[in-house]
Structure formats: C-alpha cells, structure tokens
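Structural characterization, general
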Amino acid sequence: MSNAIRISQNQKLSLKSIDPEASGGLNKEDAKERIQELGNELEELQELLSVSGMNGLLIVFQGRDTAGKEGAIKSVLNFSSVRTCNVAAFKVPTPLELSHDFLWRIHHNAPAKGSISIFNRSHYEDVLVVRVHEFVPKDIWGKRYDHINAWEKLLTDSGTIILKFMLHISFEEQEQQLLDREKEVEKAWKLNVQDWREREYWDKYTEAYEDALTMCSPESAPWFVIPANKKSARDVAILETIVETLRPYKKSWLQRLEAIGAKAKEELRVFREEK
Ligand code: AMP
Ligand code: MG
C-alpha cells in the first residue's frame, strides 16, 4: 500500500494526525529494491513523455527546513535525463521579482510539452512563509489560493501533469537534522541560524500548510503528504506516486509515437519512389 497520502480539495486535514515515521511496512532493504524497480519504470515513462511531446510534468516539492527536499529531488533525478528534466529552486524574491505579481517568477519555469520541471519550493511559499510572517496583509495573501488554482488549471488545461509533494517531518526529527549540520563538516554549508528561528513558528506553519494543501488540491493538481522522517520510505512513496500517475498516459504516448513513425515512413517511401 502506498505511503503517500492524497489530499482532496476542501477535505479536513490535520497534519498532526499523520505519522512522519510511517514506512509503509517496508524495511530499508526492501525499500532500496522497490526504489530501483520504480526507478526503472520511471525512466521508461519519462523517455516516452519526452519523445511523444504531448504532456509536460510539473513536480512541486514543499516542506519545512530539513524536510529533505533536496534528497527527494535527487532520488527522482537518479532516474531522469538532463535532456528532459529541469530543477528550479525558489529563494527569497529579489526586488525585481517582488515588483511583479507572485506568479511572474514561477510561470516561465513551468515545463514545456515533453519536459519535466521540478520545483524546490514554489509559488506556495507565497501562502506559507509570506503568511506566517505577514510579509503582505491577509487581504493580499488570502486571494492567492484562488490565483494558484486558476494558474495551475491553466497549466493542466494546456497538457501539464501536476503533482505536489509536502514532505512531512516531525519537530524532533527537524531538531536532530539541524544538530547534525553542526556536527558533520559535509553539512556545515547548510548551517543557518534562520532555520532555528523559523522553528519557533512551527504551529503557524502547520496551519498555513493545512490551508494550502486543502484549498489547492483539485483532482487535476493534487497534493500528497509524504511521511519523511525515513528517507527510503519517503523516496518509495514519491516514486510510486509519480509512476502511478504517469502509467495511464503510456498508451496515448505510444500511439502518438506510432503516428509519428508512420508519417515519417510514408515520407521516406515517397522520397524513395521519386528517385
Ligand atoms: P533554502 O530553501 O534553504 O535555500 O531557503 C530559501 C528561503 O527562501 C526559505 O527560507 C524560504 O522560505 C524563502 N522563500 C522562498 N520563497 C519565498 C517568498 N516568495 N517570499 C519570501 N521568502 C521566500
Ligand atoms: Mg534552508
């Protein structure tokens, strides 16, 4: 059974009731095997998505500091090609970005048909960090849920497949991860006092996430909560969700390829006859 929890639009959601430790019944060894299996299928599906050119794929990763966004992205990239896949990370907006609407910096990173965009943070920061710290008043961020739904609808109406993952860690796990950054020299570059400050807003972030996830999760662009304390279980849940979402498209991608092949062969036949 999949460990990813699919959120329905306007459902009641309490993140507290979701166990960040959940492993879907897989031990580490089983998870490793499953990741390889799913990865092989993902590789094949991505290739078909790419060469058939009918759909783009947008994968959004959100989560608190240390939730494992980069690790999760790496686990997808392990089975992706640089030709198809692009990662965009969204940081504190620049003055130029702030002088535009909040979707301005996002839109041109959306995937073209035949390609994949992975977002490390996203337009959702504008109803998360911005809401928690009141960087803009409520009458501005409050309208953004509708703006987001409308924008994502534009993308899905244009052939983009959208998946959104919220990596769900516990308060204790975050503390452990932050302390590890102080201990391990390889992680020192991630040390940031701001992460400790943000931690004090844990409950406010919980509320902001619950609202974003329930107000912006239509059938066509769903959110998934991924228990993320255990990294291998996290990666299995993510890969499984992507593969299960892409699988139903396979038939139409293959049909398109057949049509492309038939057309090219016909052109070749005419070319040879003319000689
Ligand atoms: P990191 O992901 O650790 O590189 O940090 C990026 C930082 O940029 C995080 O603290 C985000 O909350 C912040 N950030 C991203 N988007 C926005 C935004 N639209 N407004 C304000 N801060 C943002
Ligand atoms: Mg950070």
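Residues numbered from 1 in each chain as written. Chains lettered and ligands numbered in written order. Predicted model: local features only at pLDDT ≥ 70, side-chain atom pairs only at ≥ 80, totals over all residues. Heavy atoms only, no water.

Comments concerning the overall build of the chain
- Counting secondary structure elements, the chain contains 12 helices and 6 strands.
- What you see for the chain is a C-alpha radius of gyration of 21 Å, in line with the 19 Å of a compact globule of 275 residues.
- The buried share of the chain, reckoned over its 275 residues, is 48%.
- Taken as a whole, the chain presents about 14700 Å² of accessible surface, with 53% of it coming from carbon and sulfur. (Helix = DSSP H or I, 4+ residues; strand = E, 2+ residues; numbered from the N terminus. Rg over C-alpha atoms; globule rule 2.2 N^0.38 Å. Buried < 20%, exposed > 50% of the residue type's maximum accessible area, 1.4 Å probe, protein only. Areas by Shrake-Rupley, 256 points an atom, 1.4 Å probe, with all protein chains shown as cover.)

Section: the site of ligand 1
- Around ligand 1 sit Phe90, Lys91, Val92, Pro93, Arg105, Arg121, Glu125, Asp126, Val129 and Val130, and that is every residue in its neighbourhood.
- The side chain of arginine 105 places a nitrogen or oxygen atom 3.1 Å from a nitrogen atom of ligand 1.
- Glutamate 125 places a side-chain nitrogen or oxygen 3.0 Å from an oxygen atom of ligand 1.
- Relative to its unbound accessible area of 500 Å², ligand 1 is 76% covered by the protein chains.
- Its residues placed into classes, the shell around ligand 1 shows 5 nonpolar, no polar and 5 charged. (Near = heavy atom within 4 Å. Polar contact = N/O pair within 3.5 Å; in protein donor to acceptor, adjacent residues only side chain to side chain. Nonpolar A, V, L, I, M, F, W, Y, C, P; charged D, E, K, R; others polar.)

Observations regarding helix H7 (residues 144-157)
- Under the 1.5 Å per step criterion, the end-to-end length of H7 is 19 Å for 14 residues, consistent within 8% with the ideal 20 Å.
- Every buried residue of H7 is accounted for by Arg144, Tyr145, Ile148, Trp151, Glu152, Leu155 and Thr156. Each buried residue of H7 sits inside an arc of 140 degrees when the element is viewed along its axis, so together they form one side. Along H7, exposed side chains directed more than 90 degrees from the buried face belong to Asp146 and Asp157.
- The inward-facing, buried residues of H7 contact strand E2 (56-63), helix H4 (104-107), helix H5 (129-132), helix H6 (138-141), strand E5 (160-168) and helix H10 (202-215).
- Looking one or two places after H7, you find glycine 159, whose phi comes out positive at around 95 degrees. (Expected span 1.5 Å × (residues − 1). Arc of directions from axis to C-beta. Contact = heavy atoms within 4.5 Å.)

Brief notes about the environment of isoleucine 73
- Within the fold, isoleucine 73 resides in helix H2 (residues 69-77).
- C-alpha separation for the pair isoleucine 73 and phenylalanine 61, spaced 12 residues apart in sequence, amounts to 8.0 Å.
- If sequence neighbours within four positions are ignored, isoleucine 73 has contacts with Phe61, Val87, Ile118 and Asn120.

Details of the pattern of salt bridges
- In total, this model carries 22 salt bridges according to the counting rule given.
- Connected through shared salt-bridge partners, Arg34, Glu37 and Glu240 make up one network. (Salt bridge = Lys/Arg side-chain N within 4 Å of Asp/Glu carboxyl O.)

A closer look at unusual backbone geometry
- You will see that asparagine 10, though not glycine, has its phi angle at about 65 degrees, which is positive.
- The residue asparagine 10 is located in the loop between strand E1 (5-6) and helix H1 (28-52) in this model.
- Within the chain, threonine 66 stands out as a residue other than glycine whose phi angle is a positive 70 degrees.
- Within the secondary structure layout, threonine 66 lies in the loop between E2 and H2.

Some points on the side chain of serine 80
- Relative to the helices and strands, serine 80 resides in the loop between H2 and strand E3 (85-89).
- Non-local contacts of serine 80, meaning those with residues more than four positions away in its chain, are made with Gln46 and Cys85.

Quick word on the environment of lysine 138
- Tracing the backbone through its elements, the reader meets lysine 138 in helix H6.
- The exposure class assigned to lysine 138 is exposed, which follows from its relative accessible area of 59%.
- Separated by 88 residues in sequence, lysine 138 and isoleucine 226 place their C-alpha atoms 28 Å apart.

Considering the packing of H1 against helix H12 (residues 250-274)
- One can describe the packing of H1 onto H12 by two numbers: an axis separation of 9 Å at closest approach and a directional angle of 45 degrees. Our classification of the angle between H1 and H12 gives oblique. The element H1 and its partner H12 pack so that their crossing is left-handed. From H1, Glu44, Leu45, Leu48, Leu49, Val51 and Ser52 reach across to H12, where they touch Lys250, Trp253, Leu254, Arg256, Leu257 and Ile260.
- Residue composition of the contact of H1 with H12, by class: 8 nonpolar, 1 polar and 3 charged. (Axes fitted to C-alpha atoms, helices over the stretch in contact; angles between N-to-C directions. Parallel < 35°, antiparallel > 145°, perpendicular 65-115°, else oblique. Left-handed = near helix turned anticlockwise from the far one by under 90°.)

Read these as spatial facts, not as claims about activity.
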